[in-house]
Amino acid sequence: MLKIAEMWEVYTVNRDLYLRIGYKKILFGRTEVIDNTLNPDFVRKFILDYFFEERQNLKFDLYDVDSKSTNLSKHDFLGQIFCTLGEVVGSLGGRMEKSLGGIPGKKCGTIIVKAEELSNCRESVMMQFCGNKLDKKDFFGKSDPFLVFYRSNEDGTFTICHKTEVVKNNLNPVWQAFKMPVRALCNGDYDRTIKVEVYDWDRDGGHDFIGEFSTSYRELSRGQSQFNVYEVINPKKKGKKKKYLNSGTVSKHFSCYMLFFFLVYDFYTFSFIWFPGNPAQPTSLHYMNPYQLNAYAMALKAVGEIIQDYDSDKMFPALGFGAKLPPDGRISHEFALNGNPQNPYCNGIDGVMEAYYQSLKSVTLYGPTNFSPVINHVARYAASIKDGSQYFILLIITDGVISDMAQTKESIVNAACLPMSIIIVGVGPAEFDAMIELDGDEVRISSRGRNAERDIVQFVPFRDYIDRTGNHILSMARLAKDVLAEIPDQFLSYMKTRGIKPSPTPPPYTPPGHPLQTQI
């Protein structure tokens, strides 16, 4: 499960990791050096705070190290990539592969970056171990064995994390099953060494060492097999006796894993933009200023650039409402921005922006502001996918006072049981009191005596996030951070209430076969 902030561990086949915070670029860390290879697999991992609602820019630089100098100018630059942390986390399996660039006219190879959730890892493991032919330590009886589990630390030391009970007078013990968080066992690093020591219990506390073995969570997770039978080795005995084989074996008898992840689902974002006023007039919020983005474009870009990292194909249906369409001037509250009602999908947020600008040249902006057709449109798509493999996000950008409040409330109540969330961004100076009622943070929205099953609406007025110094990048970052903050909890509330657990790979989303219907 992912809340607002998580610690994520980034694995890289690179040399340097940079973070860009605002206008500043900070060297976050460097990997170790691997000698004489063109296919390095670096061990060092980087731990980053991950925020779903923020755009966290990363840069990876690769160097060929020629000396012990820490000055990068003394080494050969081999290439670089730019990406966002959300792009890595949102990649299938948390694995992103990109071509290195930075040297004109030269192919620099590829880089693979992997991310795994770490600090808030909610994975737990149930395990049971049994021993076979353990060494006899007691003079008048057999051994009284127990196991001690240690988690390895970054500095090479070990920290005890679990002890089993003692099984009396038995060289073939079966210890009771136990449950523990994976974080406690390996701090969320599946390949980190787990050391297990086997002792013979003594009443005086001077327990006799039988032997030890090492494993990892990844090995343990393979299930009961030959990979989970471990030889118990006593190093002192092994050093003294040439014919020494082992001091018995320990095998994993049973395991049950409880997996709770967040980013194994695809998000599908629908963008709806209201079209009032004359975009040719500088007073219009749709005015196409050649020097800066208008309010609609800023809101669309701010939210879209972050949410697109979690959409597998980066194809977004973008529609408008509140306009007269050519050639006959029909009023529509549901038309494709790209002019293709059969296929309203745009390639990435840049494609949505281009379609938006083109539509301003072809449609005549017209009211009223009706939300219900927009919500019902996305609800039809969401209703066709109820297995939890996809989740839909509707982004509505508007500067008008809502005209169909009763119908909109009913649409939201109906949509609350579907895998979807609604983001409403209000632009301009209008009064948006009605939008606050739709948000449902304080009072759950209701219609005709029915309460919404869950809160699925987040409303924010863009004017509250505009930077006073005119820094539009900062304004957009503030807006995106707040408007996307509730999405993870809304997503999880839907999955939890339906008992849906993630599958490793979500199936590709195929939109319903019927064309987009234009309502007049």
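What you see is a predicted model, and the numbers here were worked out from it, not measured in a lab.

> Before we move on, could you go through the overall build of the protein and cite the residues and values that matter?
When helices and strands are counted, the protein shows eleven helices and 28 strands. For the protein, the proportion of its 520 residues judged to be buried stands at 51%. The contacts of the protein with a sequence gap of at least 6 include a subset with a gap of at least 24, amounting to 70%.

> Hey, could you go over the packing of helix 5 (residues 295-307) against helix 10 (residues 472-483) for me, with residue numbers and the actual values?
Two packed helices can be described by the angle between their axes and the distance between those axes. Between helix 5 and helix 10, the shortest axis-to-axis distance is 9 Å and the interhelical angle comes to 60°. Taken as axis vectors, helix 5 and helix 10 run oblique relative to one another. The hand of the helix 5/helix 10 crossing is right-handed. Two secondary-structure elements touch here, helix 5 through Met298, Ala299, Lys301, Ala302, Val303 and Ile306 and helix 10 through His472, Met476, Leu479, Ala480 and Val483. Each residue belonging to the contact of helix 5 with helix 10 can be placed in one class, and the counts come to nine nonpolar, one polar and one charged.

> Tell me about the packing of aromatic side chains, and name the residues and values.
As enumerated under the stated definition, the model contains 13 aromatic pairs in all. With a centroid separation of 5.4 Å and an interplanar angle of 55°, the aromatic rings of phenylalanine 129 and phenylalanine 149 are classed as tilted. Residue phenylalanine 129 is found in strand 9 (residues 124-132), and its partner phenylalanine 149 is found in strand 10 (residues 145-152); the two are separated by 20 residues along the sequence. The same class applies to phenylalanine 129 and to phenylalanine 149, which are both buried. Summarising the aromatic geometry, the rings of phenylalanine 146 and tyrosine 199 are spaced 5.8 Å apart at their centres and angled 20° between planes, so their arrangement reads as stacked. Here the residue phenylalanine 146 occupies a position in strand 10, and tyrosine 199 occupies one in strand 13 (residues 193-200), the gap between them amounting to 53 residues. Of the two residues examined, phenylalanine 146 and tyrosine 199, each falls in the buried class. An aromatic cluster of three or more residues is present, and its members are Phe129, Phe149 and Phe178. Above the face of the tyrosine 150 ring, lysine 195 is positioned so that its terminal group lies 5.3 Å from the ring centre.

> Let's hear about helix 11 (residues 487-497): which residues, and what values?
The set of residues buried in helix 11 consists of Ile487, Pro488, Gln490, Phe491, Leu492, Tyr494 and Met495. In the segment just after helix 11, glycine 499 is the residue with positive phi, at about 65°.

Rules used throughout
- Residues numbered from 1 in each chain as written.
- Predicted model: local features only at pLDDT ≥ 70, side-chain atom pairs only at ≥ 80, totals over all residues.
- Heavy atoms only, no water.
- Helix = DSSP H or I, 4+ residues; strand = E, 2+ residues; numbered from the N terminus.
- Buried < 20%, exposed > 50% of the residue type's maximum accessible area, 1.4 Å probe, protein only.
- Contact = heavy atoms within 4.5 Å.
- Axes fitted to C-alpha atoms, helices over the stretch in contact; angles between N-to-C directions.
- Parallel < 35°, antiparallel > 145°, perpendicular 65-115°, else oblique.
- Left-handed = near helix turned anticlockwise from the far one by under 90°.
- Nonpolar A, V, L, I, M, F, W, Y, C, P; charged D, E, K, R; others polar.
- Phe/Tyr/Trp six-rings, centres within 6.5 Å; stacked < 30°, edge-to-face > 60°.
- Lys NZ or Arg CZ within 6 Å of the ring centre and 35° of its normal.

Function-wise, these values are silent; they only describe arrangement.
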